[in-house]
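Chains, contacts and geometry: an overview
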Amino acid sequence: MTEVAAVAVITVLAVIAPGADFAMIVRNSYLHGRRTGLLGALGVAAGVLVHVTYTMLGVGLLIASSAFLFTVVKLAGAAYLVYVGVRTFRTRGEVTVDLDDRTGITPFAALRAGFLTNVLNPKTTLFVVSTFAQVVSPGTPVLQQVGYGLFMSLAHLLWFGVVAVFFGHDRMRTLMLRGQRVLNKVIGTALAGLGVSLAFAPSH
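Given the structure is predicted, the values throughout are model-derived calculations rather than measurements.

In terms of helices and strands, the protein carries 9 helices and 0 strands. Along its sequence from the N terminus, the protein presents helices and strands in the succession α-α-α-α-α-α-α-α-α. For the protein, the residues scored as buried account for 42% of the 204 residues in total. Long-range pairs, those at least 24 residues apart, make up 89% of the contacts in the protein with a sequence separation of at least 6. In the form shown here, the protein has an accessible surface area of approximately 10,500 Å², with 70% of it arising from carbon and sulfur atoms.

Okay, here's the thing in structure tokens:
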């Protein structure tokens, strides 16, 4: 699997898996309108760029300092993808969305909520770090790495923008949550399989 394809697949699977970001965007969109939900989506996308920035610096240092250490991180990242895949597949609980509190929220607060929800989410940290550890090699140009990061951020913006527009409605939200278990099994299987394939893929 090429670097670009790996980034695309891992990112899409990670983004569409329902979690804290999904619940926050749905809640704010439902209670305060689409504009608030879209601002939250923009905050989420900005948060991804924070993770990308320190990950690029860290992976770059690993490549420059120790090929062995970089290989260890690469294998750990693949193991993490397998772990997340298995956990996602076995998840039985559903994402809950609190729709009772109608306290007002300012545009800045909506943006901040999306940003902090993502920046402080350890799953996003591990997702970005493990993805870069799998696809970045000593020969990967910096601009290409920046492109990967921008794609991750844009994917979050587009998906959560869709969530803000459509899943604030009762019917769409209910359909999404009803199909969550099946979605988790599909995503979990794909992530675990991808992690295994990347672990045994030859080094660049």
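What follows covers the UniProt feature "transmembrane region" (unreviewed entry) in the protein. When the UniProt feature table is mapped onto this chain numbering, "transmembrane region" (unreviewed entry) sits at residues 6-26, 38-57, 63-83, 115-136, 148-170 and 182-201. The distance separating the terminal C-alpha atoms of residues 6-26 is 28 Å; by composition the span is 86% helix and 0% strand. From the first C-alpha to the last, residues 63-83 spans 24 Å; its make-up is 95% helix and 0% strand.

Turning our attention to the nonpolar core. Counting 20 residues, the largest nonpolar core has Val52, Val128, Phe132, Val135 and Met152 as its most contacted members. When residues of this core are assigned to their parent elements, the largest contribution, 5 residues, is made by helix H3 (residues 34-65). Val44, Ala155, Val163 and Phe167 belong to the second largest nonpolar core, which has 13 residues in total.

Moving on to helix H6 (residues 122-135). Between its terminal C-alpha atoms H6 stretches 20 Å, which fits the 20 Å expected from 14 residues at 1.5 Å a residue. Listing the buried residues of H6 in full gives Thr124, Phe127, Val128, Ser130, Thr131, Phe132, Ala133, Gln134 and Val135. The backbone nitrogen of Lys123 lies 3.0 Å from a side-chain oxygen of the residue at the head of H6, namely Asn121.

The next subject is the environment of Thr131. Assignment of secondary structure puts Thr131 in helix H6. Overall, Thr131 belongs to the buried group, its relative accessible area being 0%. Sequence-wise, Thr131 and Tyr148 are 17 residues apart; in three dimensions their C-alpha atoms are separated by 9.6 Å. With residues near it in sequence (within four places) discarded, Thr131 still touches Val7, Ile10 and Met152.

This next bit is on the environment of Ala23. Tracing the backbone shows Ala23 in helix H2 (residues 20-32). Taking the C-alpha atoms as reference points, Ala23 and Phe167, separated by 144 residues in sequence, lie 9.9 Å from one another.

Looking now at a nonpolar patch on the surface. There is a patch of nonpolar side chains on the surface, built from Leu49, Val142, Val146 and Leu150 and spanning about 320 Å² of accessible area. If one sorts the elements of the nonpolar patch by residue count, helix H7 (residues 142-166) sits on top with 3 residues. Along the chain, Val146 falls in helix H7.

The subject of this paragraph is the environment of Gln145. Residue position: Gln145 is located in helix H7. Spatially, the C-alpha atoms of Gln145 and Phe132 are 8.3 Å apart, while their sequence positions differ by 13 residues. Here Gln145 is in contact with Met56, Phe132, Val136 and Thr140, once residues within four sequence places are set aside.

Thresholds applied
Residues numbered from 1 in each chain as written. Predicted model: local features only at pLDDT ≥ 70, side-chain atom pairs only at ≥ 80, totals over all residues. Heavy atoms only, no water. Helix = DSSP H or I, 4+ residues; strand = E, 2+ residues; numbered from the N terminus. Buried < 20%, exposed > 50% of the residue type's maximum accessible area, 1.4 Å probe, protein only. Contact = heavy atoms within 4.5 Å. Areas by Shrake-Rupley, 256 points an atom, 1.4 Å probe, with all protein chains shown as cover. UniProt positions renumbered as here; feature names shortened; annotations may be inferred. Core = buried A, V, L, I, M, F, W, Y, C linked by side-chain atoms within 4.5 Å. Expected span 1.5 Å × (residues − 1). Polar contact = N/O pair within 3.5 Å; in protein donor to acceptor, adjacent residues only side chain to side chain. Patch = residues over 30% accessible without salt bridge, like charges linked within 9 Å, V, L, I, M, F, W, Y side chains within 5 Å. Salt bridge = Lys/Arg side-chain N within 4 Å of Asp/Glu carboxyl O.

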